[in-house]
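Take a look at the letters that make up each chain.
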Amino acid sequence: QTVRWHIELQPWASPTPSLNYEASRFLKYISTSQISCEHMNLNSLTGYSETTKKPWSICLDERFSLIHRIRSKKCRLYSLGLGNDDNQFELSMANSGCEVHRFDPSIKSAHIQEGRHLWHHRLSIDWRDPNPAIAAHKLHSNTKKLGTVLNEFGHQKIDVLKADVESAEWKILENLILEDVAEQIGQLVFEVHIHWPGFEVSGNDSTVVRYWYSLLRELELKDFRLFHTYKDLSKPQMFLKKEAFNASSCYTLSWVNTRWK
């Protein structure tokens, strides 16, 4: 299999590059469900009545594998975060019998097990593995790509990948696509940040938005379908550092891999 270094960029949204057209296409895309999901609430599973601070929506419809894997206690959640104290979603998944792995570089020790099903790992999931020959990278030896972690943990599949990584999500998503790790994931729940381009995303504004859009179209080509969008109105309403396009700086997007029946 040939190694891909770049994602396929979609054609510009208009005959000449235009931020208005790119933003309009991108925002419409992330606001439009591609597939309907009737059952998205964990509370119905666990008897929880508490609502999480953010709706981390997963699809529990019978036609997809997740609900069956939860019932048979075979599901696995990876949660990528940065010092986030809202663990309600992870706890309810663990209480449902799922094996939950939380990756957060701010955790006190390397690996902590909490209860029967929840593990905390002092690891930051990134889009590159550190190069031990570069002195600066030694500081980041607890930074790894998701594919590397899956291999080290001996995990073939993740039923749900949840990520709230403060703008690293675009490059992480690109890495999952380029290294074909996305195929090993059943559902993605990502918080995306659009108030600035994100780490190591370069180019002018219209180029950045075209790149974001192209990444999400690559997911669609891999049979991921967007089933839920949450526009966070509690965050600054910013789009690439401007108050524009009636956009929030932050959206939570949920996809299901329709190949996983």
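The structure reproduced in this document is the subject of the present report. Note that the structure is a prediction, hence the values are computed from the model and not measured.

Brief notes about the layout of surface pockets
Over the atoms, a rolling probe the size of a water molecule traces out where space has been left empty. What the largest pocket holds in volume is close to 280 Å³. What lines the largest pocket is Val3, Arg4, Trp5, Trp127, Arg128, Lys145, Lys171, Glu174, Asn175, Leu178, Glu179 and Glu200. Here the lining of the largest pocket takes four residues from helix α7 (residues 169-178), the largest share from any one element. A per-class count over the lining of the largest pocket returns four nonpolar, one polar and seven charged.

Some points on the packing of helix α1 (residues 19-30) against helix α8 (residues 205-221)
At a closest axis distance of 9 Å, the pairing of α1 and α8 adopts a crossing angle of 30°. By the angle class used here, α1 and α8 are roughly parallel. Judged by the twist between their axes, the crossing of α1 over α8 is left-handed. Where α1 approaches α8, its residues Leu19, Glu22, Ala23, Arg25, Phe26, Tyr29 and Ile30 are matched on the opposing element by Asp205, Ser206, Val209, Arg210, Trp212, Tyr213, Leu216, Arg217 and Glu220.

What counts, and at which threshold
Residues numbered from 1 in each chain as written. Predicted model: local features only at pLDDT ≥ 70, side-chain atom pairs only at ≥ 80, totals over all residues. Heavy atoms only, no water. 1 Å grid on protein atoms, 1.4 Å probe; cavity = no way out; pocket = protein on both sides within 12 Å on 5 of 7 lines; lining within 4 Å. Points joined across faces, edges and corners; volume = space filled by probe spheres on them. Helix = DSSP H or I, 4+ residues; strand = E, 2+ residues; numbered from the N terminus. Nonpolar A, V, L, I, M, F, W, Y, C, P; charged D, E, K, R; others polar. Axes fitted to C-alpha atoms, helices over the stretch in contact; angles between N-to-C directions. Parallel < 35°, antiparallel > 145°, perpendicular 65-115°, else oblique. Left-handed = near helix turned anticlockwise from the far one by under 90°. Contact = heavy atoms within 4.5 Å.

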